[in-house]
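Fold and contact review
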Amino acid sequence: MKIQIDINHPAHVHYYRNFIKLMEAKGHQFCVTNRDSKMINQLLDIYGIEHTVRNKRPEKKGTVASLMNLLKMVLWCIRKSLTFHPDIYMGFASSASAITSWLFRKPSILIDDTEHNAMNHKLYMPFCSAVLTPFYFKKDLGNEKKQIRFNAYVEQLYLHSVYFKSSTQVLEELNVKPKEYVIVRYIAYDAHHDLKVHPISEDTKKNIVKELSKRYRVFVSLEKSVKDPFYDDYVLKISPEKMHDLEANAKFMIAEGATMASEAFLLGVPYLYLNPLIVGYIDYQCAHYPDRCFKTTNGDEAMKIVSQLMDIQTDEEAERKKVEEETINPTAYLEKFVEEYMSKQ
């Protein structure tokens, strides 16, 4: 079987890397195209995944810019298809994969867990064959035959204990010990679904870092380079594949990015989510695990939760085990689903 996958975000590398290795071991072939991003390229190279780099994300935000970007993505996918001749297309909410698959009259299987990306849903649903959504996904995509739900978190595709065992090597590199530091993740808000988002104020972001630094070593992960000397002493500088090891041993996490917040949760680490965007898995985690999952965009409330997190005590392994007992291994599920789907074609 020949499988073409389009990657548009660093997290997507993690979603598919175990699946790719498992399927390659069975003799299946892959063609991976990816957005031109330093982080994405690094991760694909680190995990030994051959890939073709396509266009960058547009600097200007807006519907027209996003549609032009999609056109470029589709053209790249078409170009690779003409030489690779895939049997099936895959991707995370990838409209480019879905549209290209339709043009070549081949099936496409997507994964999606982002409710607020409405434009993307409208673009890929008419063209994809199936979209796998996790149990916490709130949105009905309008086609019950195509939308298939599975009982797991998307981040378990790479953080399930079958595939991920944390190491303390990165802690030695940074000269810190477990639970003696906090990770802060601030994002760029440059995706189409961020157009109308009003994030927490820059003053509050800095106050959070100042307050944390009184008791902990603070590592700030910035999605884009910020020309602000305030962050110079805090900016995290490690190889990207080591981030999950750092997350697993943190006291807690402060995050504007939902993916990294959920990663912390799956590793048993408490978090505070600061993004106003409504995300199904964040809502589910905050509702069912209110003792270690928090969210707010109010500055005063954020500072109170930060103080609360400083005194929180958790058993990370017990929390991780509890979640895995309630869910499935999604990589094994994806592997089986794709093989069974293709056997019926």
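The present account deals with the structure reproduced in this document.

Before going further, it helps to examine the environment of Val184. Relative to the helices and strands, Val184 resides in strand β8 (residues 181-186). It is 14 Å that separates the C-alpha atoms of Val184 and Lys224, two residues lying 40 residues apart in sequence. Leaving out residues up to four positions away in the same chain, Val184 has contacts with Leu212, Val218, Phe219, Val220, Ser221 and Ile254.

Right, let's get into the pattern of salt bridges. Here the structure, examined in full by the defined rule, presents 14 salt bridges. A salt bridge links Glu335 to Lys26; the nearest nitrogen and oxygen atoms lie 2.7 Å apart. Taken as a pair, Glu335 in helix α14 (residues 330-343) and Lys26 in the loop between α1 (10-25) and β2 (29-34) lie far apart in primary sequence, 309 residues in all. Connected through shared salt-bridge partners, Lys26, Glu335 and Glu339 make up one network.

Core analysis: the largest hydrophobic core is formed by 77 residues, its most contacted members being Tyr16, Phe19, Tyr124, Leu246, Tyr271, Ile282 and Val338. For this core, the element with the most residues is α1, which contributes seven residues. If we ignore the near neighbours within four places in the chain, the residues touching Ile282 are Ala258, Ala261, Tyr271, Tyr273 and Lys295. Of all hydrophobic cores here, the second largest spans 24 residues; its members include Tyr216, Phe252, Leu274 and Phe294.

What follows deals with helix α3 (residues 63-84). Think of an α-helix as 3.6 residues a turn; residues three or four steps apart then line up on the same face. Between its first and last C-alpha atoms α3 spans 31 Å; for 22 residues at 1.5 Å apiece the expected length is 32 Å, and the two agree. Within α3, burial applies to Ser66, Asn69, Leu70, Met73, Val74, Cys77, Ser81 and Phe84. Around the axis of α3, the buried residues are gathered within 145° of arc, so they sit on the same side. Away from the buried face of α3 by more than 90 degrees, exposed residues Val64, Leu75, Arg79, Leu82 and Thr83 are located. Immediately beyond the C-terminal end of α3, within one or two residues, lies His85, with a positive phi of roughly 55°.

Thresholds, definitions, all that
Residues numbered from 1 in each chain as written. Predicted model: local features only at pLDDT ≥ 70, side-chain atom pairs only at ≥ 80, totals over all residues. Heavy atoms only, no water. Helix = DSSP H or I, 4+ residues; strand = E, 2+ residues; numbered from the N terminus. Contact = heavy atoms within 4.5 Å. Salt bridge = Lys/Arg side-chain N within 4 Å of Asp/Glu carboxyl O. Core = buried A, V, L, I, M, F, W, Y, C linked by side-chain atoms within 4.5 Å. Buried < 20%, exposed > 50% of the residue type's maximum accessible area, 1.4 Å probe, protein only. Expected span 1.5 Å × (residues − 1). Arc of directions from axis to C-beta.

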